[in-house]
Amino acid sequence: MRLATLTSGGDCPGLNAVIRGIVRTASAEYGSTVVGYQDGWVGLMEDRRVDLYDDAFIDSILLRGGTILGTGRLHPDKFKAGLDTIKENLADAEVDALIAIGGEGTLKGAKWLSDNGIPVVGVPKTIDNDVAATDYTFGFDTAVSVATDAIDRLHTTAESHNRILIVEVMGRHVGWIALHAGMAGGAHYTVIPEEPFDIADICKAMERRFQMGEKYGIVVVAEGAIPKEGTMDGGLGEEDEFGHITFNGMGQIVADEIKKRLGYDVRTTVLGHIQRGGTPTAYDRVLATRYGVHAARAAHNNNFDTCVALHGENIELVPLESAIAQLKTVPEHRYTTAKAMFG
């Protein structure tokens, strides 16, 4: 059997561990070969492929962040218009099945290819942890660890200067990174996209800390957080060509509003792409490897139109349709737990 794989969407710690898991499992358990397409769907359409061998190089990529295949995004209209080209390229490479590694958008593309006759297995990837069909996505633990480390460091400088520090983390539509990093890092307030916030509540919490003698504060803000209607100006911009809303710096907007209302020294730290770069944590290496192994086995067992998923301690197969049915958002009870630590 000959497998193909690609990585699409944003880069993510653990992608190389998945690739390694696929290649080594295909070779060791089935004697199969693997071809990788570079730069996601674009590379598949342009037939930019490389053979992946079970050798010392593949073995060494476990520790590396990013993806040796490169990644990218392709407009859905261009993707769908290229169906015949995709089929021709896969046939020319003698590919029997495709393993697509990516987030919601990538898995939607994988589902569409599956519906159009291409044998596909999906692997969920996103630091946002927003794929509903799996308990955790690889990359999330690394992102939370990076954000938590940053918050830990900011505590000391904020306390030294009697400042309020705003830490903006990734999270366009869901607040899992903000929620976990805020709790783990001992933030004094956290705002997430699922729960519109009132800036007055944040100001009250910060004012109370200063009055009690704890003259500093840490506020974690997910980039997609939105204020309650009528409380302050929002930070949403316009849609880009892929339908993604651009953001106007909600962390800085919150900082400016707190400074205006309270008069304290307020600074902003935007973690940005630091959260999804660099070496994956041990947890993400293990999870990503397990995903790669089980995706390769699923392809060899002809379990197509499926996606690997973590349920409890087990890796299972779920229909691709369920993997893209909805975003996994932070439930109210989880945010309520975090609220107990505010102030």
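The rules behind each value
Every chain's residues receive numbers from 1 upward, in the order its sequence appears when written. Two thresholds apply to this predicted model, a pLDDT of at least 70 for residue-level local features and 80 or more for giving and counting side-chain atom pairs, whereas whole-chain, interface and lining totals are computed over all residues. As a rule here, side-chain values cover all heavy atoms of the structure and leave hydrogens and water aside. Secondary structure counts use DSSP, requiring at least four H or I residues in a row for a helix and at least two E residues in a row for a strand, with both numbered from the N terminus. In this analysis, two residues are considered to be in contact whenever any of their non-hydrogen atoms come within 4.5 Å of each other. The domain boundaries here were taken from an automatic or database domain assignment. A simple way to read buried area is as the amount of 1.4 Å-probe accessible surface that goes missing from two parts once joined, with both sides added. Any Lys or Arg side-chain nitrogen found within 4 Å of a carboxyl oxygen on Asp or Glu counts as a salt bridge. Aromatic pairs are defined between Phe, Tyr and Trp rings, using the six-membered ring for Trp, whenever the two ring centres lie within 6.5 Å; interplanar angles under 30 degrees are classed as stacked, those over 60 as edge-to-face, and all others as tilted. Working definition: with a 1.4 Å probe on protein chains only, accessible area under 20% of the residue-type maximum means buried, over 50% means exposed, and in between means partly exposed. Think of each axis as a best-fit line through the C-alpha atoms, taken over the contacting stretch in the case of a helix, with angles from 0 to 180 degrees between the N-to-C directions. These descriptions rest on fixed angle ranges, namely under 35 degrees for roughly parallel, over 145 for roughly antiparallel, 65 to 115 for roughly perpendicular, and the rest for oblique. By the definition used in this description, the sense in which the near helix is turned from the far one sets the handedness, with an anticlockwise turn below a right angle giving left-handed and a clockwise turn giving right-handed. For this scheme, ten residues count as nonpolar: Ala, Val, Leu, Ile, Met, Phe, Trp, Tyr, Cys and Pro. Four count as charged, namely Asp, Glu, Lys and Arg, and the remainder, Gly too, count as polar.

Asker: Can you help me understand the environment of Val-266 in this one?
Answerer: Along the chain, the position of Val-266 falls in strand E11 (residues 266-270). Linking Val-266 and Gln-252, residues 14 residues apart in sequence, is a C-alpha distance of 9.4 Å. Setting aside chain neighbours within four positions, we find Val-266 in contact with Ile-164, Ile-166, Ala-255, Ile-258 and Lys-259.

Asker: Please explain the domain arrangement of the chain as it appears in this structure.
Answerer: Where interface size is quoted, it is often the accessible area lost as the parts come together. Its domain assignment divides the chain into domain 1 (2-126 + 280-324) and domain 2 (140-277). Domain 1 and domain 2 are separated by 34 Å when their C-alpha centres are compared. Counting residues at the interface gives 12 residues for domain 1 and nine residues for domain 2. Sorting the residues of domain 1 by area buried against domain 2 places Asp-11, Pro-13 and Arg-73 first, and these three jointly supply 42% of that buried surface. Taken together, the connections running from domain 1 to domain 2 amount to one salt bridge.

Asker: Can you help me understand the packing of aromatic side chains in this one?
Answerer: In total, this model carries eight aromatic pairs according to the counting rule given. Arranged with centres 6.0 Å apart and planes meeting at 25°, the rings of Tyr-136 and Phe-140 form a pair that is stacked. For Tyr-136, a relative accessible area of 32% corresponds to the partly exposed category. With relative accessibility at 4%, the residue Phe-140 sits in the buried group. Through a chain of ring-to-ring contacts, the aromatic side chains of Trp-41, Phe-79 and Trp-112 assemble into a single cluster.

Asker: Whenever I open this one, the packing of helix H9 (residues 199-211) against helix H10 (residues 250-262) confuses me. Can you help?
Answerer: Two measures define how a pair of helices packs: the angle their axes make with one another and the distance between the axes. With their axes 10 Å apart at the nearest point, H9 and H10 run at an angle of 60° to one another. Here H9 lies oblique to H10, going by the angle between them. As H9 runs across H10, the sense of the crossing is right-handed. Judged by residue contacts, Ile-199, Ala-200, Ile-202, Cys-203, Met-206 and Glu-207 of H9 engage Val-254, Glu-257, Ile-258, Arg-261 and Leu-262 from H10. Looking at the contact of H9 with H10 residue by residue, the class counts come to eight nonpolar, no polar and three charged.

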